[in-house]
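# Examining the three-dimensional arrangement
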Amino acid sequence: MSSDVRPYPVRAITADEVAAFNTQMDLGFHETPPQETHDRWMAVLPLERTVAAFDGEELISTGGDLPFELTVPGGTTVPAAGVTMITVKATHRRRGVLTSMMRHQVHGWHERGGEPVGMLFASEPAIYGRFGYALGTQVLSLTIPRGDNGLSTVPGSDKFRMRMAVPREAYERCLAVYEAGRLSRPGMLSRAGDAWRDLRLSDDEYAKHGAGPLRCVMAEDASGTTAGFAWYRVKEDYNNPARPDCKVEVKEVYGRDLASYVAVWRFLVDLDLTSEIQADVAPDDPLMYLLADPRQAVPRLQDVLYVRLVDVDRALAARRYATPVDVVFEVSDPLCPWNTGRWRLSGDAGGAVCEATTDPADLVLGPRELSAAYLGGFPLGALGRAGRIEELRPGALAEASRAFVSDVAPFVPFGF
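Residues numbered from 1 in each chain as written. Predicted model: local features only at pLDDT ≥ 70, side-chain atom pairs only at ≥ 80, totals over all residues. Heavy atoms only, no water.

## Here we look at the overall build of the chain
- In terms of regular secondary structure, the chain is built from 13 helices and 20 strands.
- The C-alpha radius of gyration computed for the chain amounts to 23 Å, which stays within 12% of the reference 22 Å derived for 416 residues, consistent with globular compactness.
- Buried positions account for 52% of the 416 residues belonging to the chain.
- Element-wise, carbon and sulfur atoms account for 51% of the exposed surface of the chain, whose accessible area totals about 18500 Å².
- Averaging the locations of the 44 positively and 56 negatively charged side chains of the chain gives two centres separated by 2 Å. (Helix = DSSP H or I, 4+ residues; strand = E, 2+ residues; numbered from the N terminus. Rg over C-alpha atoms; globule rule 2.2 N^0.38 Å. Buried < 20%, exposed > 50% of the residue type's maximum accessible area, 1.4 Å probe, protein only. Areas by Shrake-Rupley, 256 points an atom, 1.4 Å probe, with all protein chains shown as cover. Lys, Arg positive; Asp, Glu negative; His and termini not counted. Charge placed at Lys NZ, Arg CZ, Asp CG, Glu CD.)

The following block contains the structure:
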């Protein structure tokens with residue numbers, strides 16, 4: 001850290017400071033979105049949940065957190081804060097500004113009895129690891145060539161009527177499909193309200209990134225009920241004289257069941273005048289098991305959501321466990337000192353309790369290890385083999401690892 005360290009007050013911004021906030025955010029991310037983009041984001045971010053540091057009257061950093069319900073293993077949800085818009089002015093780096101903002105956020109959540117879990121998309125993971133955030137979900141990025149790599153049918157997948165729809169007019173029906181499956185996979189997020197609708201259906205040139213307008217296709221059953229949908233764009237490319245080389249950019253695909261999900265995907269993989277599909281899916285998505293030639297899908301596993309347990313007891317009690325577990329964790333957490341101590345977790349598939357205890361510790365670990373395992377995608381056992389967890393009671397690590405793992409891979413459906 002630089003020797004030029006001064007206290008910079010950190011607080012939420014006022015309505016009069018929104019313009020300065022957006023200007024600094026543009027500077028920090030090296031972007032120039034239109035005012036409409038800023039307006040849509042500020043519509044989902046309450047002013048009281050913003051955070052900024054000030055050097056006198058100069059706004060020198062930005063940040064905020066969005067309120068979500070996060071699905072956790074066992075089909076339950078926990079309130080979670082989605083950290084977003086984090087920037088620090090280049091003239092004020094290495095002066096403790098980011099540390100002050102991170103502390104302001106987590107201490108505020110704890111003191112208000114608010115969200116026991118924080119989460120973010122890390123532009124630089126090493127930075128946020130210092131504050132206890134750990135990788136919690138991954139995504140499988142696929143590039144699927146059109147042609148011989150067809151998608152197998154499943155029983156009932158050919159019974160649906162495919163219909164194009166105007167995204168805004170069909171939004172509520174699509175949202176109902178999304179909500180029907182939201183509790184079935186850890187990492188899924190709530191997104192209610194008109195502000196989220198406007199943000200997800202953004203269709204200006206900045207949102208398109210050179211592609212065409214947002215399209216919506218729906219799979220309808222015999223009664224006309226929407227059973228599945230996709231939002232997608234097509235980036236046109238007719239420069240190849242032999243054949244069109246347009247790319248399908250899939251934004252979201254959901255179905256109420258496997259048949260409707262496959263019906264939508266079969267539509268997407270066979271769009272005329274296209275050469276390939278680009279999509280992000282869950283690491284265990286059924287799509288990979290239905291492709292005629294999965295090798296041609298060019299799968300790439302990438303990091304996505306980083307998670308931070310703010311209140312260890314509340315967070316661990318909110319989820320369910322694959323096998324019975326009764327284990328005492330010893331945690332050291334300098335940023336959130338209320339987490340430092342010993343915690344007994346007792347739970348199973350029916351529920352859990354996590355309470356402070358003076359009993360001897362079974363496992364010694366930090367907030368990053370608990371956070372990495374929280375959504376069930378990264379085994380505690382693997383972290384132990386990496387030397388990041390100390391086992392004091394033989395067998396405790398294997399017991400906890402089996403209990404924490406989710407049978408369904410966690411997946412976050414959209415960015416924030």
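Following the structure, the description resumes.
## Focus: the nonpolar core
- Core analysis: the biggest nonpolar cluster contains 75 residues, and Leu316, Phe329, Leu345 and Tyr374 have the highest contact counts within it.
- The element contributing the most residues to this core is helix α5 (residues 167-181), with 6 residues.
- Setting aside anything within four residues of it in sequence, one finds leucine 345 in contact with Leu316, Tyr321, Val325, Asp326, Val327, Phe329, Ala352, Val353, Cys354 and Phe404.
- Grouped together as the second largest cluster of nonpolar side chains are 31 residues, Leu140, Leu142, Phe160 and Met288 included. (Core = buried A, V, L, I, M, F, W, Y, C linked by side-chain atoms within 4.5 Å. Contact = heavy atoms within 4.5 Å.)

## Observations concerning the environment of glycine 350
- Residue position: glycine 350 is located in the loop between β17 (341-348) and β18 (351-356).
- Measuring from C-alpha to C-alpha, the distance between glycine 350 and arginine 319 comes to 9.5 Å, with 31 residues separating the pair along the chain.

## Quick word on the side chain of threonine 87
- Assignment of secondary structure puts threonine 87 in strand β5 (residues 76-88).
- A polar contact of 3.1 Å, which involves the side chain of threonine 87, links it to the side chain of glutamine 24.
- Among the polar contacts made by the side chain of threonine 87, one reaches the side chain of threonine 62 at a distance of 2.7 Å.
- Setting aside residues up to four positions removed in sequence, threonine 87 forms contacts with Gln24, Met25, Gly28, Phe29, Ser61, Thr62 and Met101. (Polar contact = N/O pair within 3.5 Å; in protein donor to acceptor, adjacent residues only side chain to side chain.)

## Some remarks on the layout of surface pockets
- Computed from the structure, the second largest pocket encloses a volume of approximately 660 Å³.
- What lines the second largest pocket is a set of 24 residues, and nearest its centre among them are Val88, Arg93, Leu98, Glu124 and Ile127.
- At the level of secondary structure, the elements contributing two or more residues to the lining of the second largest pocket comprise α1 (18-29), β5, α3 (97-111) and α4 (125-129).
- Looking at the lining of the second largest pocket, the element that brings in the most residues is α1, giving 4 residues.
- Of the residues belonging to the lining of the second largest pocket, the class tally is 10 nonpolar, 8 polar and 6 charged. (1 Å grid on protein atoms, 1.4 Å probe; cavity = no way out; pocket = protein on both sides within 12 Å on 5 of 7 lines; lining within 4 Å. Points joined across faces, edges and corners; volume = space filled by probe spheres on them. Nonpolar A, V, L, I, M, F, W, Y, C, P; charged D, E, K, R; others polar.)

## Observations concerning the environment of valine 304
- When you line up the elements, valine 304 lands in the loop between β14 (300-303) and β15 (305-309).
- Judged by its relative accessible area of 14%, valine 304 falls in the buried class.
- C-alpha of valine 304 to C-alpha of aspartate 280: the two residues are 24 residues apart in sequence and 11 Å apart in space.
- Once residues lying within four places of it in the same chain are set aside, the contact partners of valine 304 are Leu120, Phe121, Ala122, Leu135, Thr137, Gln138, Val139 and Val412.

## Re the confidence of the model for the chain
- Residues with a pLDDT of 70 or more make up 98% of the chain, whose mean pLDDT is 94.
- Overall, residues 1-5 carries pLDDT values under 50, and its contacts beyond four positions in sequence, including any with other chains, amount to 6 contacts. (pLDDT = per-residue confidence, 0-100.)

## Describing α1
- Between the first and last C-alpha of α1 there are 16 Å, a value that for 12 residues agrees with the 16 Å anticipated at 1.5 Å per step.
- Within the span of α1, buried status applies to Phe21, Asn22, Gln24, Met25 and Asp26.
- Taken together, the buried residues of α1 touch α2 (35-44), β2 (50-55), β3 (58-59), β4 (61-72) and β5.
- Phi for histidine 30, located one or two positions after α1, is positive at around 55°. (Expected span 1.5 Å × (residues − 1).)

## Quick word on the sheet that holds strand β10 (residues 215-220)
- Read across the sheet, 7 strands follow the order β9-β10-β11-β12-β13-β8-β14 without closing on themselves; strand pairing throughout is mixed. Among the strands making up the open sheet, the edge pair consists of β9 (161-165) and β14. The sheet shows a mean angle of 25° between the axes of neighbouring strands, direction not considered.
- Here strand β8 (residues 138-145) pairs with strand β13 (residues 274-281) via 6 bridges, running antiparallel. Bridging across to β13, leucine 140 finds its partner in valine 281.
- Along the sheet, α5 makes contact with β9, β10, β11 (226-235) and β12 (246-255), crossing β11 at roughly 125°. (Pairing = 2+ DSSP bridges. Axes fitted to C-alpha atoms, helices over the stretch in contact; angles between N-to-C directions.)

## Some remarks on the sheet that holds strand β19 (residues 363-365)
- Pairing is mixed across the open sheet formed by 5 strands, whose spatial order is β18-β17-β16-β19-β20. Since the sheet does not close on itself, it has two edges, and those belong to β18 and β20 (390-391), each with one partner.
- As paired elements, β19 and β20 share 2 bridges and run antiparallel to each other. Residue pairing across strands places leucine 363 opposite glutamate 391, the latter belonging to β20.
- Helix α13 (residues 396-404) contacts β16 (325-331), β17, β19 and β20 of the sheet and is inclined by roughly 105° relative to β16.

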